[in-house]
Amino acid sequence: TDLMQGVMLLATGLLILVLGIDHMGGFDAFWGHLPRSHRTAFPNFNEDPGFPTVGIFWQDALANSAMFYFLNQGIMMRFMAARSLAHSRRAATITVVGLMTVAAAVVGGGGWVARALVHGGYLPQSVDAGNAFYVATELVSRPGVFGLVLAALTAALMSTVDTLITAVAAIAVNDVYKPYFASDATEDQMLRVARFTSVAVTLVGVALVPVFMQFDSIYSAHGAFTAAVTPPLVVTLLMSVFWRRYTATAAIVTLLGGLGLVILSIVVPEMVAPFAQGVPAGQAGDGVLAGMKQYKFMRACFGLAVSSVIGVVVTLMTKPEPEEKQEGLVWGRVPEALEAMRAEEKGEPRTQAKPRRLDRDELGIEGLPLVSLSHEVAKALEVREGDRVFVTDTRWWLGGLNAGHALVGTIGDDDGVGMGPTLWDNVVTRRRTNEPVVVMRM
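Residues numbered from 1 in each chain as written. Predicted model: local features only at pLDDT ≥ 70, side-chain atom pairs only at ≥ 80, totals over all residues. Heavy atoms only, no water.

## Focus: a negative patch on the surface
Logical step 1: Together, Glu376, Asp413, Asp414 and Asp415 line one region of the surface with negative charge.
Logical step 2: Along the chain, glutamate 376 falls in helix α15 (residues 375-381).
Logical step 3: Judged by its relative accessible area of 58%, glutamate 376 is exposed. (Patch = residues over 30% accessible without salt bridge, like charges linked within 9 Å, V, L, I, M, F, W, Y side chains within 5 Å. Areas by Shrake-Rupley, 256 points an atom, 1.4 Å probe, with all protein chains shown as cover. Salt bridge = Lys/Arg side-chain N within 4 Å of Asp/Glu carboxyl O. Lys, Arg positive; Asp, Glu negative; His and termini not counted. Charge placed at Lys NZ, Arg CZ, Asp CG, Glu CD. Helix = DSSP H or I, 4+ residues; strand = E, 2+ residues; numbered from the N terminus. Buried < 20%, exposed > 50% of the residue type's maximum accessible area, 1.4 Å probe, protein only.)

The following block contains the structure:
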């Protein structure tokens, strides 16, 4: 559903841009009516405290980009669902090189069209910027298409919400419930916890609506909250990955100290002023979040700076971590991680084999099922007992839905690949019991 919603959102966003250009009489007319300030990446810099592009750079381009692609469980789940490491790498590359370019046009297209229509006299000068997207879209997409656009926006909202709910449920089950409360929890028990968590986090989200209503827009509320929470997390992650000297103690102090100073800056907004780069303070207003509304975007710059200082100082004051604890976790130790996973630079060896159903499931380390391989299959994959393999249906268009990870249990004289009932049901469908499966070394 997320895939279809994403395609729908991108398609309708581009459609608005195309319809707007056509309504204006072609690209030359559209470009001619687009003011210079709307053609540049960083217009007006810090003239408007409600939307300073300097603040947007620190809050969205730096802090939130790192948060979104490195720390957002909803995004991580998509890459972790790929059928192999190679597919995950391709997905990351295509996202940065292709989809982000298209998405920029989709996000900015409605505003460009609205501004050009106002300048060209198709819309009155009195159009409010907050409603410009809807007004312009209704004008250029009548009849019929406007409903599709609203459906796409609703689908995008649903996609974001259901992803976040699923991500929180996954964290609650895998990182809290199972390791600390029930290490031997069954699938049914984990499913119940996931359902309870999903309902609870939804109710919390609804309860926070009055808090977010204190801001002028959803974007302002989003920016204010992420600028307050994201910087310590981002600094901790990047230092952990790219600086071998960084210690676990420094990571904890960076998180807690950085978050504490950011919260203090909400109570005392003047702390952000030296980092504001000329951006004037916004109107504080009343309420608990009054201080958050001042420098709501530039607080990200403050948070990144103070968290970085804390991380460096505490690291230099603490004992370095032993190198053996860093294997596979820190940049510069990647060769050891690749060797441990026995991965190859040009992709994983694979072969096709006839599936065999075993009488019972046997589990190895990490709870992975054990499979039995013939000598021929093991030789083709260059694997030995205990190595990790990936078994999947030969139909590539299923995207790895009929698949599973396993460990090589035994290598013997029986043909093909033997799988226990659970892995068999995941990989082999009723009508393909005699069809070969793909076995890949991971």
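## A few points about the pairing of strand β3 (residues 370-374)
Logical step 1: In terms of burial, β3 is largely enclosed, as four of its five residues are buried.
Logical step 2: Where β3 lies against strand β5 (residues 403-412), five bridges are found, and the strand directions are parallel. Looking at the pairing, valine 371 lines up with valine 408 of β5.
Logical step 3: Where β3 lies against strand β6 (residues 417-419), two bridges are found, and the strand directions are antiparallel. Residue leucine 373 lies in a different strand from β6, and its bridge partner there is valine 417. (Pairing = 2+ DSSP bridges.)

## A look at the pattern of salt bridges
Logical step 1: Evaluation of the coordinates by the stated rule reveals five salt bridges.
Logical step 2: Measuring nitrogen to oxygen at the nearest pair gives 3.4 Å for the salt bridge that ties aspartate 425 to arginine 357. Highlighted residues: aspartate 425 in helix α16 (residues 421-427) and arginine 357 in strand β2 (residues 355-357), separated in sequence by 68 residues.
Logical step 3: Judged by relative accessible area, aspartate 425 falls into the exposed class, the value being 52%.
Logical step 4: The exposure class assigned to arginine 357 is partly exposed, which follows from its relative accessible area of 45%.
Logical step 5: As a salt-bridge pair, arginine 432 and aspartate 393 come within 3.5 Å of each other at their nearest N and O atoms.

## Let's talk about empty space enclosed by the protein
Logical step 1: Taken as a whole and assessed by the stated rule, the structure comprises one cavity of 30 Å³ or more.
Logical step 2: Looking at the largest cavity, the residues that line it are Asp393, Thr394, Val427, Val428, Thr429, Arg432, Glu435, Pro436 and Val437.
Logical step 3: Here the residues of the lining of the largest cavity sort into four nonpolar, two polar and three charged. (1 Å grid on protein atoms, 1.4 Å probe; cavity = no way out; pocket = protein on both sides within 12 Å on 5 of 7 lines; lining within 4 Å. Points joined across faces, edges and corners; volume = space filled by probe spheres on them. Nonpolar A, V, L, I, M, F, W, Y, C, P; charged D, E, K, R; others polar.)

## Some details on the packing of aromatic side chains
Logical step 1: Scanning the model with the defined rule gives seven aromatic pairs in all.
Logical step 2: The interplanar angle of 15° and the centroid separation of 5.8 Å between the aromatic rings of phenylalanine 27 and tryptophan 31 together place this pair among those described as stacked. Here tryptophan 31 and phenylalanine 27 lie together in helix α2 (residues 27-32), a separation of four residues that amounts to about one turn.
Logical step 3: The exposure class of phenylalanine 27 is partly exposed, given its relative accessible area of 47%.
Logical step 4: On the accessibility criterion, tryptophan 31 (36% relative accessible area) is partly exposed.
Logical step 5: An angle of 75° between the planes, with centres 5.3 Å apart, marks the rings of phenylalanine 275 and phenylalanine 302 as edge-to-face. Pair noted here: phenylalanine 275 is in the loop between α11 (248-267) and α12 (290-293) and phenylalanine 302 is in helix α13 (residues 299-317), with a separation of 27 residues, a long-range link.
Logical step 6: An aromatic cluster of three or more residues is present, and its members are Phe27, Phe30 and Trp31. (Phe/Tyr/Trp six-rings, centres within 6.5 Å; stacked < 30°, edge-to-face > 60°.)

## Topic: helix α5 (residues 85-119)
Logical step 1: Across its 35 residues, α5 extends 49 Å between first and last C-alpha, which sits within 8% of the 51 Å expected from 1.5 Å per residue.
Logical step 2: At threonine 95, α5 shows its largest kink, close to 45°.
Logical step 3: One or two steps after α5, the chain reaches glycine 121, where phi turns positive at roughly 90°. (Expected span 1.5 Å × (residues − 1). Bend = angle between axes of the 7 residues up to and from the residue.)

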